[in-house]
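Chain residues, written in single-letter form:
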Amino acid sequence: MSMPGGRDPRVADVRERLAAAYEASAKPTDKARAKLDSQGKIAVRERVELLFDQGSFVEDGRYANSRAPGLPADGVVTGRGTVEGRAAIVIANDPTVKAGSWGARTVEKIVRATEMGLREELPIFWFVDSAGARITDQVEMFPGRRGAGHIFHNQVALSGRVPQICCLFGPSAAGGAYIPSFTDIVIMVEGNASMYLGSPRMAEMVVGEKVSLEEMGGARMHCTVSGCGDLLAADDVEAIELAKLYFSYLPSTWHDRPPSYGPEEPTAPLTRHTVPERESVPFDVHEVVDGLVDDESFFEIKPLFAPELVIGFGRMGGESVGIVANNSAVKGGVLFADSADKAARFIWLCDAFSIPLIYLADVPGFMIGSEVERGGIIRHGAKMVSAVAEATVPQFCVIVRKAYGAGLYAMGGPGFVPDATLALPTARIAVMGPEAAVNAVYANRIAAIEAAEGIPARDAFVARARLDYEADVDLERLAADLVLDGIIEADELRAELLHRLRYAARRDRAFSERRRSIPPV
C-alpha cells in the first residue's frame with residue numbers, strides 16, 4: 001500500500017531501522033563508555049579518526065549483522081582513508097561489542113579488507129582489541145574457506161608487499177593472537193594490551209600453572225622477554241602516533257620508494273672523540289647513530305628487547321635508512337640468540353621495502369657457553385647471517401671498533417658483498433681479540449714458560465705475542481689488501497655515507513635464481 005504523495009511505508013521502515021543501526025554503531029553506550037574510561041581507552045571510531053586525515057575515511061560493512069541485537073557493525077570497523085595523504089586500510093576491533101570478539105560477519109569483513117589490501121596493494125593498520133572467537137559462531141566463522149584461517153593466509157600474502165602495522169590496545173587472545181605476529185610491527189599499550197594463546201584460567205586448568213595475565217602475556221613482558229611486542233605506548237593516542245610515525249619511513253607498497261623529507265643536520269655531529277679508542281671501554285652506540293642521522297629522526301624498534309643490539313629507522317639527507325648497531329654498553333655488544341633474531345627480521349623488513357642498511361660494528365662475536373649452545377645460538381646466528389647475505393638493498397658496513405669472528409659476518413662484513421666496508425681509525429678486525437688469540441695459540445707454551453722461568457717471563461712473552469698478533473691484522477694492512485674500502489675519521493663518516501648512498505641507489509637487486517631460500521630457524 002502506498003501513502004499519499006507516492007511515499008512507501010516500507011521505505012520509511014527501512015530508513016528507521018537503518019538509522020537505529022547507524023546510531024548504535026556511532027558511539028558506545030553510557031555503560032560501555034564508562035568501562036572504556038576506567039581502562040584509559042578511547043572508542044574505536046575515535047581511534048580511526050586519529051589515524052586518518054580529516055574527512056578521508058570511507059567505511060565498509062557498517063550494517064553487518066545489524067539485525068542481531070547488541071552487535072553494531074558486528075564488532076569491527078573496516079574501511080579506507082588517507083594517512084598524511086597516502087591511502088591505507090584500517091581493521092579495528094570494537095571492544096564495546098562483546099569484547100571485540102569475532103563472529104561470522106566479523107571474519108567476513110576482515111577477510112574482505114585484506115582482499116582489498118591484496119587487490120589494490122594498500123597498507124593495513126590493524127587496531128586489535130579482541131577477546132577472540134565467539135564460540136557460539138564457531139562453525140560459521142572458524143573452519144571454512146572464508147573462515148578465520150583465511151585472514152592469516154592473506155596476512156602472509158600481504159607480508160613484504162605492503163606495510164602491516166598493529167596497534168594492540170587490549171587483548172589478542174587464542175588464535176587471534178597470531179594477527180599481531182604476522183604484522184611488521186606491534187605497538188602495545190602498557191597496562192591494557194596482551195597476547196596469549198591460552199588465558200591464565202585455561203593455563204591453570206590444563207597445565208596446572210597459576211600465573212597473572214601480565215606475566216602470561218602482558219605488554220611489558222612481550223616487549224622485554226618474548227620479543228613479540230616491538231614498542232610500548234602509554235595510551236591509545238601515543239600508540240596511534242607511533243604507528244603513523246613508523247609508517248612515515250616506509251613506502252606504501254614494495255614497488256615504491258619510501259617518502260622523502262627535507263634534509264637536516266644531526267642533533268650532535270660525530271667528532272673524533274665520540275668513540276672511545278680503547279675497545280674495552282663501553283659506550284652507548286646511540287651517540288654514533290644520532291651523529292649520523294638527521295636531527296631526531298632515529299625511530300628505534302624493540303628498544304627493550306635484546307638491547308645489546310640497536311635497530312631502527314633513521315633519515316640521512318631526508319631519505320630513510322635502516323640502522324643495525326652493536327651496543328657495547330649492554331653485555332659488551334655480544335650477539336645472543338635474541339639479538340640475532342631481532343636483527344634478522346629487521347633486515348628482512350628493510351630489504352622488503354627498499355630501505356638501505358647501515359651496520360655499525362663493535363662486536364666481540366656471538367656468545368659462547370653451554371647455555372646458549374642448548375638454546376640454538378648457531379641456528380639463530382645463521383638466521384641473521386642469512387638475512388645479511390640475501391638482502392639486495394644497498395648495504396654499508398662500518399667497523400666502529402672491534403669486529404671479531406662471526407660477528408664480522410653477521411654485521412655485513414666484506415665477505416657479504418656490501419657496497420662498501422669502511423672503518424674508523426679505532427677499528428680492529430680479526431678472528432678473535434689479541435688476548436683470546438694468544439691464549440688459544442700459545443696456552444701450552446705460556447704454561448711451560450711460567451713453570452720454568454716464572455710469571456715475569458710469562459708476561460713478557462704474552463706481551464710480545466700480542467704485539468705480533470696486532471701487527472698481523474693492522475688496519476693499514478687491511479686497507480692495503482682491499483679488505484677495507486676506506487678508513488674514515490668519525491667526523492667525516494656521515495658525509496662519506498651520504499655520497500655512497502646516492503651512488504648505490506641504482507644497484508642491481510638480484511641475488512640468486514631459485515624458488516626460495518630455506519632459512520635456518
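Above this text sits the structure in question.
Model, not experiment: these values are computed from the prediction. (Residues numbered from 1 in each chain as written. Predicted model: local features only at pLDDT ≥ 70, side-chain atom pairs only at ≥ 80, totals over all residues. Heavy atoms only, no water.)

Asker: Quick question: what am I supposed to make of the overall build of the protein chain here?
Answerer: Each helix and strand counted, the protein chain has 20 helices and 16 strands in total. Structurally, the protein chain occupies a C-alpha span of about 115 × 55 × 45 Å along its principal axes. The proportion of buried residues among the 521 residues of the protein chain is 50%. In the protein chain, the share of contacts with a sequence separation of at least 24, taken over all contacts with a separation of at least 6, comes to 72%. (Helix = DSSP H or I, 4+ residues; strand = E, 2+ residues; numbered from the N terminus. Buried < 20%, exposed > 50% of the residue type's maximum accessible area, 1.4 Å probe, protein only. Contact = heavy atoms within 4.5 Å.)

Asker: How do you make sense of a nonpolar patch on the surface when you look at a structure like this?
Answerer: Together, Val14, Leu18, Tyr22 and Tyr63 make up an exposed nonpolar region whose accessible area comes to about 330 Å². Position of tyrosine 63 among the secondary structure elements: in the loop between β1 (58–60) and β2 (76–83). (Patch = residues over 30% accessible without salt bridge, like charges linked within 9 Å, V, L, I, M, F, W, Y side chains within 5 Å. Areas by Shrake-Rupley, 256 points an atom, 1.4 Å probe, with all protein chains shown as cover. Salt bridge = Lys/Arg side-chain N within 4 Å of Asp/Glu carboxyl O.)

Asker: I tried to follow the pairing of strand β11 (residues 319–326) on my own but got confused; where do I start?
Answerer: The two faces of a sheet get side chains in turn, since along a regular strand they alternate between them. Within β11, seven of the eight residues are buried, which leaves it mostly tucked inside the rest of the structure. With eight bridges connecting them, strand β10 (residues 309–316) and β11 associate as antiparallel partners. Residue pairing across strands places phenylalanine 313 opposite glycine 322, the latter belonging to β11. The hairpin formed by β10 and β11 contains two residues between the paired strands, and glycine 317 there has a positive phi angle of roughly 65 degrees. When β11 meets strand β12 (residues 357–363), the two strands line up parallel, connected through four bridges. Considered in β12, the bridge of glycine 322 is made with leucine 357. (Pairing = 2+ DSSP bridges.)

Asker: Please explain the pattern of salt bridges as it appears in this structure.
Answerer: In a structure, side chains of opposite charge can pair up when their charged atoms sit close to one another. One pass over the structure, following the stated rule, counts 31 salt bridges. A salt bridge links arginine 45 to glutamate 59; the shortest N-O distance between them is 2.6 Å. One end of the pair, arginine 45, is in helix α3 (residues 44–51); the other, glutamate 59, is in strand β1, and 14 residues separate them in sequence. Salt bridges sharing common partners tie together Lys41, Arg47, Asp129 and Asp236.

Asker: What is the right way to look at the packing of aromatic side chains in this model?
Answerer: Each aromatic ring pair is described using two quantities: the centre-to-centre distance and the angle formed by the ring planes. A complete count under the given rule lists 13 aromatic pairs for this structure. Each ring, one from tyrosine 249 and one from phenylalanine 313, has its centre 5.8 Å from the other, and the planes form 20 degrees; the classification is stacked. A residue pair is termed long-range when its members are at least 10 positions apart, and tyrosine 249 in the loop between α11 (236–247) and α12 (286–292) and phenylalanine 313 in strand β10 qualify at 64 residues. For the pair tyrosine 249 and phenylalanine 313, a shared accessibility class is recorded, and that class is buried. An aromatic cluster is built from Tyr246, Tyr249, Phe299, Phe313 and Phe346, whose rings are joined through pairwise contacts. (Phe/Tyr/Trp six-rings, centres within 6.5 Å; stacked < 30°, edge-to-face > 60°.)

Asker: When you look at the packing of helix α17 (residues 434–453) against helix α18 (residues 455–472) in this model, what are you seeing that I'm missing?
Answerer: Two numbers describe a pair of packed helices, the interaxial angle and the distance between the axes. Interaxial distance between α17 and α18 falls to 9 Å at its minimum, and their mutual angle equals 155 degrees. Here α18 runs roughly antiparallel to α17, going by the angle between their axes. Handedness of the α17/α18 crossing: right-handed. Contacts between α17 and α18 involve Pro434, Glu435, Ala437, Val438, Tyr442, Arg445, Ile446, Ile449, Glu450 and Glu453 from the first element and Ile455, Ala457, Arg458, Phe461, Val462, Ala465, Arg466, Tyr469 and Glu470 from the second. By residue class, the composition of the contact of α17 with α18 is 12 nonpolar, no polar and seven charged. (Axes fitted to C-alpha atoms, helices over the stretch in contact; angles between N-to-C directions. Parallel < 35°, antiparallel > 145°, perpendicular 65-115°, else oblique. Left-handed = near helix turned anticlockwise from the far one by under 90°. Nonpolar A, V, L, I, M, F, W, Y, C, P; charged D, E, K, R; others polar.)

Asker: Looking at this model, I keep getting lost on the side chain of aspartate 294. Mind explaining?
Answerer: With respect to the secondary-structure elements, aspartate 294 resides in the loop between α12 and β9 (299–301). Residue classification places aspartate 294 among the buried residues on the basis of a relative accessible area of 3%. One polar contact links the side chain of aspartate 294 to the main-chain amide nitrogen of glycine 318, over a distance of 2.8 Å. Setting aside its immediate chain neighbours within four residues, aspartate 294 contacts Gly262, Pro263, Glu264, Glu265, Pro266, Arg315, Met316, Gly317, Gly318 and Arg494. (Polar contact = N/O pair within 3.5 Å; in protein donor to acceptor, adjacent residues only side chain to side chain.)

Asker: Explain the nonpolar core to me, please; I cannot follow it from the model alone.
Answerer: Generally speaking, a soluble globular protein has its nonpolar side chains buried in company with each other. Core analysis: the biggest nonpolar cluster contains 71 residues, and Phe125, Phe313 and Val324 have the highest contact counts within it. Not counting chain neighbours up to four residues away, the residues in contact with phenylalanine 125 comprise Leu51, Val83, Ala88, Ile89, Val90, Ile91, Ile165, Ala243 and Phe247. Counting residues in hydrophobic clusters, the runner-up holds 31 residues, among them Val111, Ile124, Val128 and Ile151. (Core = buried A, V, L, I, M, F, W, Y, C linked by side-chain atoms within 4.5 Å.)

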